[in-house]
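Breakdown of the fold
Spelled out from the first residue to the last, the chains are:
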Amino acid sequence: MDFEHVPVLLYEVLDALITDPDGIYADGTLGGAGHSYEICRRLSEKGRLIGIDQDADAIAAATERLKPFEERVTIIRGNYREMCGRLSDLGIGRVDGILLDLGVSSYQLDTPARGFTYREENAPLDMRMDQRQSLTARDILATYSEQELYRMIRDYGEDRFAKNIAKHIVAARQNKPIETTGELNEIIRAAIPAKVRATGGHPSKRTYQAIRIELNREMEVLADSLDGMIDRLKPGGRLCVITFHSIEDRIVKTNFKRNENPCTCPDNFPVCVCGKVSKGKMLTRKPILPSEEEMEHNKRAKSAKLRVFEKAQDA
C-alpha cells in the first residue's frame, strides 16, 4: 500500500506558513509529504525545507515524493520533539516557519499490520508511530491497572463508558492475553449497551484513539515541544499546528496565549514587574476550520483545527 495522507487545510496552511519564499521551513510531521510537497513548490531556489517523521514508511514515501526538490530538502527520521536539536546539528539557527499536522495518516490507519484501525478484526495490537519503540498497544492492555485504563479512555477517548470498558478489559485478560483487534473489539462491544452501539458509531473508535495517544505520548510530546519551536522562529516567523483532538487543541491554545502574554503579575499590579516579555501573538483567536467542501471530500478533515502563532519582530 502506498503511504498516502490527504493534506488537511492545505491552502490555509500555505497562506499562514510561508512568509518568505527564500526562507527555511520545518515540517515536524512529514508523513507522505502532502503539505511539504506544496510548500516546496512555493519556495524559491534559495528556500529550504527540513522534514521530520518517526515512521520509516513515511520517510521512504516522502523521500520519493520530494525528489524534484531534493537539493533543497533534508529529511530526518525522528520525533518532532527533537526538532531544535536536529536543526542545530544542521547548523540552522532560526527558521521562517514550522508546521505540525498531528493527524494519523491514511496509510497508518489502513494498513492492518500497524494495528491502528478497529475496522480490521485480526490485526495485531501495535499502534506504534515509531516501530523502533518496544512498547505496543498490546503491552498497555496487558499491564495497565483498571484505574490507569479508565483514566486513559476517559481523558483521551472521552468515552462515557470508560469505566466499564476498563473493567471488561481487566476481566478478559485474566483468561488470555488480548492480542488482536478483533478480540479487543469484542471486549468493547460487551462493555457498551446495545442501544448505544446501534446509534453511536463504531463502539471501539474512542478506545483505540485513547490507546494510540497514550502509547505514543502524543499530548506530552506536544506540550513539551511548543516553547522550543517558538524560540526557533525568526522575527515574523510562524508556527502552524493542526490538531484533531480537543485536548491537543487546548494545549496549543493555552501555549500560544501564554507566549503572547507571559506576565505572571497579579491583576491589581499597575505595571509588570515579573520581567516576562511577549514572544509574539496568536493570529487565530478562533481556530481555522475546514470548509464544507473539504469535509465533504475528506472525512478525516472534520475535526481538524488550525492555530497560528507569529513571532514578534523584536523577539
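The coordinates are above.
Not measured: the values here are computed from a predicted model. (Residues numbered from 1 in each chain as written. Predicted model: local features only at pLDDT ≥ 70, side-chain atom pairs only at ≥ 80, totals over all residues. Heavy atoms only, no water.)

So, about the pairing of strand β5 (residues 233–243). Successive residues of a regular strand alternate their side chains across the two faces of the sheet. Counting buried positions along β5 gives 9 out of 11 residues, so the element sits mostly inside the fold. Note: strand β4 (residues 95–101) against β5, 6 bridges, orientation parallel. What sits directly across from G97, in β5, is R238. In this structure, β5 lies alongside strand β7 (residues 305–311), joined through 6 bridges in antiparallel fashion. Bridge pairing in β7 places V241 opposite R307. (Buried < 20%, exposed > 50% of the residue type's maximum accessible area, 1.4 Å probe, protein only. Helix = DSSP H or I, 4+ residues; strand = E, 2+ residues; numbered from the N terminus. Pairing = 2+ DSSP bridges.)

This brings us to the nonpolar core. Membership of the largest hydrophobic core comes to 60 residues, with the highest contact counts inside it found for M152, I169, L184 and L239. The element that contributes the greatest number of residues to this core is helix α12 (residues 218–231), accounting for 6 residues. Residues within four places of M152 in sequence aside, it is in contact with I140, Y144, G157, A210, I211 and E214. The next biggest cluster of nonpolar side chains, apart from the first, holds 27 residues, and it includes L9, L14, A33 and I39. (Core = buried A, V, L, I, M, F, W, Y, C linked by side-chain atoms within 4.5 Å. Contact = heavy atoms within 4.5 Å.)

What follows concerns the state of the cysteines. The full count for this structure, using the stated rule, is 0 disulfides. There is no disulfide at C84, and the cysteine sulfur nearest it, in C240, is 16 Å away. The exposure class of C84 is partly exposed, given its relative accessible area of 22%. For the unlinked cysteine C240, the closest cysteine sulfur is that of C40, found at 15 Å. (Disulfide = S-S within 2.5 Å.)

Bringing the packing of helix α1 (residues 10–17) against helix α2 (residues 34–42) into the picture now. Relative to each other, α1 and α2 sit at 45°, their axes nearing to 10 Å. Our classification of the angle between α1 and α2 gives oblique. The handedness of the crossing between α1 and α2 is right-handed. Where α1 approaches α2, its residues L10, Y11, V13, L14 and L17 are matched on the opposing element by G34, H35, E38, I39 and R42. The residue makeup of the contact of α1 with α2, split by class, is 6 nonpolar, 2 polar and 2 charged. (Axes fitted to C-alpha atoms, helices over the stretch in contact; angles between N-to-C directions. Parallel < 35°, antiparallel > 145°, perpendicular 65-115°, else oblique. Left-handed = near helix turned anticlockwise from the far one by under 90°. Nonpolar A, V, L, I, M, F, W, Y, C, P; charged D, E, K, R; others polar.)

All chains considered together, the criterion is met by 25 salt bridges. Of the charged contacts in the structure, one is a salt bridge between K305 and D249, with a shortest N-O distance of 3.9 Å. Separated by 56 residues along the polypeptide, K305 in strand β7 and D249 in helix α13 (residues 246–260) bring together distant segments of the chain. The residue R307 makes a salt bridge to D249 at a minimum N-O spacing of 2.7 Å. In this pair, R307 is assigned in strand β7 and D249 in helix α13, connecting sequence segments 58 residues apart. Under the relative-accessibility criterion, R307 is labelled buried at 3%. (Salt bridge = Lys/Arg side-chain N within 4 Å of Asp/Glu carboxyl O.)

Next up on the list: a nonpolar patch on the surface. Together, F269, V271 and V273 line one region of the surface with nonpolar side chains, adding up to about 290 Å² of accessible area. With respect to the element layout, V273 can be found in the loop between α13 and β6 (280–282). Classification of V273 as exposed rests on a relative accessible area of 58%. (Patch = residues over 30% accessible without salt bridge, like charges linked within 9 Å, V, L, I, M, F, W, Y side chains within 5 Å. Areas by Shrake-Rupley, 256 points an atom, 1.4 Å probe, with all protein chains shown as cover.)

The next subject is helix α9 (residues 181–191). By the burial criterion, the buried members of α9 are T181, G182, L184, N185, I187, I188 and A191. Next to the buried residues of α9 lie α6 (137–143), α8 (162–173) and α11 (205–215).

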